[in-house]
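Structure assessment
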Amino acid sequence: MTMDATSQRLLMCRPTYFAVDYAINPWMDPSAPVDTALAVRQWEQLRQTYRDLGHTVEEITPVPGLPDMVFAANGGTVIDGKAMAVQFRDPQRADEAPAYRAWFEDAGFEMYDPKHVNEGEGDVLLAGDYLLAGTGFRTAHSSHAQLQEVFGYPVITMQLVDPRFYHLDTALTVLDERTVAYLPEAFSLGSQAVLRRLFPDAVHATMADAEVLGLNAVSDGRHVVLPAQATDLAAKLRDRGYETIGVDLSELRKAGGGPKCCTLRLRQGKASK
Ligand code: ARG
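Residue positions within a chain follow its written sequence, with the count starting from 1. For a predicted model such as this one, the threshold for reporting local features is a pLDDT of at least 70, and the threshold for listing and counting side-chain atom pairs is 80 or more; totals across whole chains, interfaces and linings nevertheless cover every residue. Heavy atoms throughout the structure, all of them, feed into the side-chain values; hydrogens and water do not.

Counted only if it meets this: UniProt positions are given in the numbering used here, feature names are shortened, and annotations may be inferred rather than shown by experiment.
As recorded in an unreviewed UniProt entry, the protein chain goes by the name N-dimethylarginine dimethylaminohydrolase, listed as coming from Micromonospora luteifusca. Regarding the protein chain, the relevant UniProt record gives this comment under Sequence similarities (unreviewed entry): "Belongs to the DDAH family."

Shown next, in the form of structure tokens:
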């Protein structure tokens, strides 16, 4: 089997002000120590991994007092040159939204503003011709209709049921135009049935993989960058013909984030889809 890698344009935010000062998901424990310098080194390693794969990494300037801004996936949804800004559920992250919005505007994307809670690519994943949209914890179900109107892809609602997998990108990875990997039990029974129908060849991850945020991975269609600790998932992906690259983001995991959370895909137009 030959698999073609697509070179991607990615947005990242250095974790200069990273901390766990509040708890808005079950991974976050503000009383546990966090090593910000180590978080920065791990993040630089992730950035280098993308560069080595031939991707282009752009950076947004981190803002003091916004410790979760490193999670660029939550900054927006960018498809076909259109950027939808975000609206966070939690007030602690609210000020990230205008910072990312300004970046998209400067970069020349056609801007759309969210009418409801919408946490960007954390919950909105393009899988081939479908836009998979998570709800249950963060992104409001009411935002899914707006996503469909703005982007013109059929939106498939994914009901998340386990608070540890509060964003869609913690429970499901898009591997290429046809395939995904996911943790079935992170979804409602109805959503599991939808996933089986749409992706009969999907890779099923184990709870052990998901508990190290193994599904918070970034694929270019051939190479999959995922947490180094997700060894079973990596083996399954290699069996399918993908090349896996393990990265250690243990410090950022203390905030509930992994490689995908740190990475926003900037899809310019149809050609770079
Ligand atoms: N602490 C952040 C939050 O709870 C982590 C965000 C992770 N981002 C993601 N795309 N899953 O909002």
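Okay, back to it.
**Examining the nonpolar core**
Definition in use: Nonpolar cores are built from buried Ala, Val, Leu, Ile, Met, Phe, Trp, Tyr and Cys residues. Side-chain atoms within 4.5 Å join them into one set. The buried label applies to any residue whose accessible area, calculated with a 1.4 Å probe on protein chains only, is under 20% of its type's maximum; exposed applies above 50%, and partly exposed to all values in between. Two residues qualify as a contact provided that any one of their heavy atoms is within 4.5 Å of a heavy atom in the partner residue.
Ranked by size, the top nonpolar core spans 38 residues in total, and within it L132, L168, L172, V180, F187, L233 and L237 carry the most contacts. Sequence-distant contacts of L132, that is, excluding residues within four places in its chain, are made with D123, V124, L125, A127, I156, M158, L168, L172, L198 and F199.

**Thoughts on the sheet that holds strand β8 (residues 155-159)**
Strand pairing in a sheet takes place through backbone hydrogen bonds and is either antiparallel or parallel in direction. The condition that has to hold: By the convention used here, strands pair only if DSSP detects at least 2 bridges between them. Runs of E in the DSSP output that reach at least two residues are strands. Runs of H or I that reach at least four are helices, and both are numbered from the N terminus. Axes here refer to lines fitted to C-alpha atoms; in helices the fit is confined to the stretch in contact. Angles between the N-to-C directions go from 0 to 180 degrees.
Taken in spatial order, the 3 strands line up as β6-β7-β8 in an open sheet, and their pairing is mixed. Of all the strands in the sheet, the pair left with one neighbour each is β6 (124-127) and β8. On average, each strand axis in the sheet is inclined to that of its neighbour by 30°, with strand direction left out of account. With 5 bridges joining them, strand β7 (residues 130-135) and β8 adopt parallel strand pairing. Bridge pairing in β8 links T135 to Q159. Taken strand by strand, helix α3 (residues 142-151) contacts β6, β7 and β8, and its axis lies near 160° from that of β7. Sheet strands touched by helix α4 (residues 189-198): β7 and β8. Its angle to β8, the strand with the most contacts, is close to 135°.

**Some points on the site of the ligand**
Filter applied, for reference: In this text, near means that some heavy atom of the residue lies within 4 Å of the molecule or strand in question. In protein, a polar contact requires one atom able to donate a hydrogen and another able to accept it; more generally it is a pair of N or O atoms within 3.5 Å, and residues adjacent in sequence count only if both atoms are side-chain atoms. Only the protein chains shown count as covering a residue, and every accessible area follows the Shrake-Rupley method with a 1.4 Å probe. For cavity detection a 1 Å grid was placed over the protein atoms alone, and a set of points counts as a cavity when a 1.4 Å probe fits there but cannot get out; an open set counts as a pocket when protein lies on both sides within 12 Å along at least five of seven lines, with lining residues being those that have an atom within 4 Å of a point. In this scheme, a molecule is assigned to a cavity or pocket if more than half of its atoms are within 2 Å of the grid points. Amino acids are sorted into nonpolar (Ala, Val, Leu, Ile, Met, Phe, Trp, Tyr, Cys and Pro), charged (Asp, Glu, Lys and Arg) and polar (every other residue, Gly among them).
Lining the immediate surroundings of the ligand are 17 residues, of which N25, R93, R138, D169 and C261 lie closest. Residue R138 places a side-chain N or O atom 2.8 Å away from an oxygen atom belonging to the ligand. Here a nitrogen atom of the ligand sits 2.8 Å away from a polar atom, N or O, in the side chain of H167. When the ligand sits alone it has 350 Å² of accessible area, and the protein chains cover 100% of it. Among the cavities detected, the one that contains the ligand is the largest cavity. Counted by class, the shell around the ligand contains 7 nonpolar, 6 polar and 4 charged residues.

**Side note on the pattern of salt bridges**
Our working definition: Any Lys or Arg side-chain nitrogen located within 4 Å of an Asp or Glu carboxyl oxygen qualifies as a salt bridge.
As enumerated under the stated definition, the model contains 17 salt bridges in all. The salt bridge partner of E59 is R47, with a shortest N-O separation of 2.8 Å. Here E59 is found in strand β2 (residues 56-59), whereas its partner R47 is found in helix α1 (residues 36-52), with 12 residues between them in sequence. Judged by its relative accessible area of 32%, E59 falls in the partly exposed class. On the accessibility criterion, R47 (14% relative accessible area) is buried. Taking the shortest distance from any N to any O, the salt bridge between R138 and D90 comes out at 4.0 Å. Within this pair, whereas R138 is found in the loop between β7 and α3, its partner D90 is found in the loop between β4 (82-84) and α2 (96-106), the two being separated by 48 residues in sequence.

**Topic: unusual backbone geometry**
At D80, a residue that is not glycine, the phi angle is positive and equals roughly 55°. With respect to the secondary-structure elements, D80 resides in the loop between β3 (77-79) and β4. Residue classification places D80 among the buried positions, given a relative accessible area of 18%. Positive phi outside glycine occurs at L213, with the angle close to 60°.

**Describing empty space enclosed by the protein**
Cut-off, in case you're wondering: Grid points are joined across faces, edges and corners, and a volume is the space filled by probe spheres set on the points.
Under the definition given, this model contains 3 cavities of 30 Å³ or more. Of the voids in this model, the largest cavity is the one considered here, and its volume is about 70 Å³. Forming the boundary of the largest cavity are 14 residues, of which N25, F71, R93, Y166 and A255 lie nearest the centre. Residues of the lining of the largest cavity, tallied by class, amount to 6 nonpolar, 5 polar and 3 charged.

**Side note on the pairing of strand β14 (residues 243-247)**
This is how it is decided: Handedness of a crossover is defined as follows: with both strands directed away from the viewer, a clockwise route from the first strand across the helix to the second makes it right-handed.
In the sheet, strand β13 (residues 223-227) pairs with β14 via 5 bridges, with the strands oriented parallel. When the sheet's bridge partners are listed, H223 is paired in β14 with E243. Following the chain from β13 across helix α6 (residues 231-239) to the adjacent parallel β14, one finds a crossover that is right-handed.

**Topic: the sheet that holds strand β1 (residues 9-12)**
Strand order across the open sheet formed by 3 strands is β2-β1-β15, with mixed pairing between neighbours. Lying at the two open borders of the sheet, with one neighbouring strand each, are β2 and β15 (264-265). Strand direction decides the pairing type here: β1 and β15, joined by 2 bridges, are antiparallel. Bridged to L10 within β15 is R265. The strands that α1 touches are β1 and β2; relative to β2, the one it contacts most, it runs at about 140°.

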